[in-house]
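# Inside the fold
Read off the chains here:
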Amino acid sequence: MGIKLSRKKPKNFLLSLIYRLQKLLPMSSKAKFKLFLDLEWIFDRLSHEESFKNYSPNQHPPRLLSIKFLLPNFTSNDTVLDLGCNSGDISFMITEKAKEVVASITTGLLLT
């Protein structure tokens, strides 16, 4: 007899099925691990893209977490270079704290 804890979220049939089926895959443990890492990246990317359909740019959870992480690292004297800023939403949020923000949509090699 063990301790039973209540589930915080409902059981997902598809995930339960995949979990059981993965044990039947005729692959080495290393190959399964590589496959699962690839799938993780794919599903993370898909969920990130779908999240933009559900949240406005100033309410998007990953962006808010990025800002929460970044802002304490800037002072009012800093100049920030944001390479690959896309639409510049995060760059714009950084302007609250930094002296100047230079944003570039394209990324490339920085040669010194």
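It should be noted that the structure appears before, not after, this text.
Since this is a predicted model, take the numbers as computed values, not measurements. (Residues numbered from 1 in each chain as written. Predicted model: local features only at pLDDT ≥ 70, side-chain atom pairs only at ≥ 80, totals over all residues. Heavy atoms only, no water.)

Within the protein one finds four helices and two strands. Overall, the protein shows an N-to-C arrangement of helices and strands of α-α-α-β-α-β. Projected onto its principal axes, the C-alpha coordinates of the protein cover approximately 60 × 35 × 30 Å. Per-residue burial over the protein gives 15% buried out of 112 residues. Restricting the contact set of the protein to residue pairs at least 6 apart, pairs at least 24 apart contribute 21%. Surface exposure of the protein reaches about 10,100 Å², of which carbon and sulfur atoms provide 62%. Between the centroid of the 16 positive side chains of the protein and the centroid of its 10 negative side chains there is a distance of 17 Å. (Helix = DSSP H or I, 4+ residues; strand = E, 2+ residues; numbered from the N terminus. Buried < 20%, exposed > 50% of the residue type's maximum accessible area, 1.4 Å probe, protein only. Contact = heavy atoms within 4.5 Å. Areas by Shrake-Rupley, 256 points an atom, 1.4 Å probe, with all protein chains shown as cover. Lys, Arg positive; Asp, Glu negative; His and termini not counted. Charge placed at Lys NZ, Arg CZ, Asp CG, Glu CD.)

On to the pattern of salt bridges. In the structure shown here, the tally under the stated rule is four salt bridges. For Glu-49, the salt bridge is made with Arg-45, and the minimal N-O distance between the two is 3.0 Å. In this pair, Glu-49 and Arg-45 are both assigned in helix H2 (residues 29-54), four residues apart and thus about one turn of the helix distant. When the shortest N-O distance is used, the salt bridge between Arg-63 and Asp-89 registers 2.2 Å. Within this pair, whereas Arg-63 is found in helix H3 (residues 61-70), its partner Asp-89 is found in helix H4 (residues 89-94), the two being separated by 26 residues in sequence. Its relative accessible area of 14% is what places Arg-63 among the buried residues. (Salt bridge = Lys/Arg side-chain N within 4 Å of Asp/Glu carboxyl O.)

Let's shift gears to unusual backbone geometry. Although it is not a glycine, Asn-86 sits at a positive phi angle of roughly 60°. Here Asn-86 is to be found in the loop between strand E1 (79-83) and H4.

It is worth spelling out the environment of Thr-95 at this point. Positionally, Thr-95 belongs in the loop between H4 and strand E2 (100-104). C-alpha of Thr-95 to C-alpha of Leu-81: the two residues are 14 residues apart in sequence and 11 Å apart in space.

Before going further, it helps to spend a moment on the side chain of Asp-82. Along the polypeptide, Asp-82 turns up in strand E1. No salt bridge is formed by the buried Asp-82; its nearest oppositely charged neighbour, Arg-63, is found at 10.0 Å. Residues in contact with Asp-82, not counting those within four places in the same chain, are Ser-91, Val-102, Ala-103 and Ser-104.

Here E1 shows one buried face, formed by Val-80 and Asp-82, and one open face, formed by Thr-79, Leu-81 and Leu-83. Note: E1 against E2, five bridges, orientation parallel. Its bridge partner being in E2, Thr-79 is matched across the sheet by Glu-100. (Pairing = 2+ DSSP bridges.)

Further remarks concern the side chain of Lys-32. Tracing the backbone through its elements, the reader meets Lys-32 in helix H2. One buried charge, Lys-32, has no salt-bridge partner; the nearest side chain with opposite charge is Asp-38, at 15 Å. If near-sequence neighbours (up to four positions away) are discounted, Lys-32 is found in contact with Gln-22, Lys-23, Leu-25 and Met-27.

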